[in-house]
Amino acid sequence: MMFGLAITRRRIVASAGAVSALVLGLAVWGGPASASAPASGPDADAIRGVVTRALHLLQEESLPPATYNGGPMSDQLRAQMSAKAMAQAGQLFSGRGLSWFENVVKYNLDEQASGEIRHMGGGVSRIAFTSITISGDQATAAVTEDVWADVAQVQQSGKTAVAHPKNTMLASLILQRVDGKWYVVDYRAKFAAGSEP
């Protein structure tokens, strides 16, 4: 099942195809914003691109390669998956956001280490931007995202059951421009009404 995320708490709970965590905070930050981003423009387009790639990475970072056939995950495979996820994250997250993402990756890989739980698929099927506000080198993007996952779990009987959770999340991301490039530095989400697990 998918859960809302917030960087401000340390406890991370993994889920399907990638990320899930406890509903940890408000979905939208308060505070002044000096300007709303236009429907298009270099900053708005760059922010949309970073947010879209970050949301996909959050749902897909813990998917094992096709060569993994289940069972206990080797330290080597976990290290390879972590390195790949963090290389991608370094292009999208910065500061506290990057540290938080690293904890998400670690939790998701630890969850799969025994082979009892396996992330078989996951992704984002829809991202709708509600608003983008920009104030200097800071920006906030509010989105509605439909996330899905395929998660296998070995039951006490020895058989494997696969769940296919789908949820709609209301997310807010804070971005910061560093050397002309936008990075996610905070992310929070909550379930849309009626989409709770």
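Structure shown above.
Scope of this entry: the structure provided in the associated data block. Residue positions within a chain follow its written sequence, with the count starting from 1. Whole-chain, interface and lining totals are the exception, using all residues; otherwise, since this is a predicted model, local features are given only for residues with pLDDT of at least 70 and side-chain atom pairs are given and counted only at 80 or more. As a rule here, side-chain values come from all non-hydrogen atoms in the structure, and water together with hydrogens is ignored.

### Focus: the overall build of the protein chain
The way it works is that DSSP assigns letters per residue, a run of H or I at least four long becomes a helix, a run of E at least two long becomes a strand, and they are numbered from the N terminus. Looking only at helices and strands, one finds three helices and six strands in the protein chain. Sequence-ordered secondary structure for the protein chain, helices as α and strands as β, is β-α-α-α-β-β-β-β-β. Looking at the 197 residues of the protein chain, the share that counts as buried comes to 46%. Approximately 9600 Å² of the protein chain is accessible, and the part contributed by carbon and sulfur atoms is 52%. A simple rule labels every residue: compare its accessible area, found with a 1.4 Å probe on the protein chains alone, to the largest value its type can have, and call it buried under 20%, exposed over 50%, or partly exposed in between. We get accessible surface area from the Shrake-Rupley algorithm with a probe of 1.4 Å; when it comes to residues, only the shown protein chains can shield them.

### Let's talk about the nonpolar core
Counting 37 residues, the largest nonpolar core has Ile47, Val51, Phe93, Phe101, Leu173, Leu175 and Tyr187 as the members making the most contacts within it. The set of elements that each furnish at least two residues to this core consists of helix H1 (42–60), helix H2 (75–89), helix H3 (96–112), strand E2 (117–135), strand E3 (138–154), strand E5 (166–178) and strand E6 (181–191). Examining the composition of this core, we find that seven residues originate from one element, H1, more than from any other. Only buried residues count toward a nonpolar core. Its members are Ala, Val, Leu, Ile, Met, Phe, Trp, Tyr and Cys residues joined through side-chain atoms within 4.5 Å.

### Comments concerning the pairing of E3
Two strands make a pair as long as DSSP finds a minimum of two bridges between them. In the sheet, E2 pairs with E3 via 16 bridges, with the strands oriented antiparallel. Note on E3: the bridge partner recorded for Ile134 is Ala139. Following E2, the chain reverses through two residues before pairing antiparallel with E3; Gly136 in that reversal takes a positive phi of roughly 65°. Of the strand pairs in this sheet, E3 and E5 are connected by eleven bridges, and their pairing is antiparallel. Residue pairing for E5: Thr140 is matched across the bridge by Ile174.

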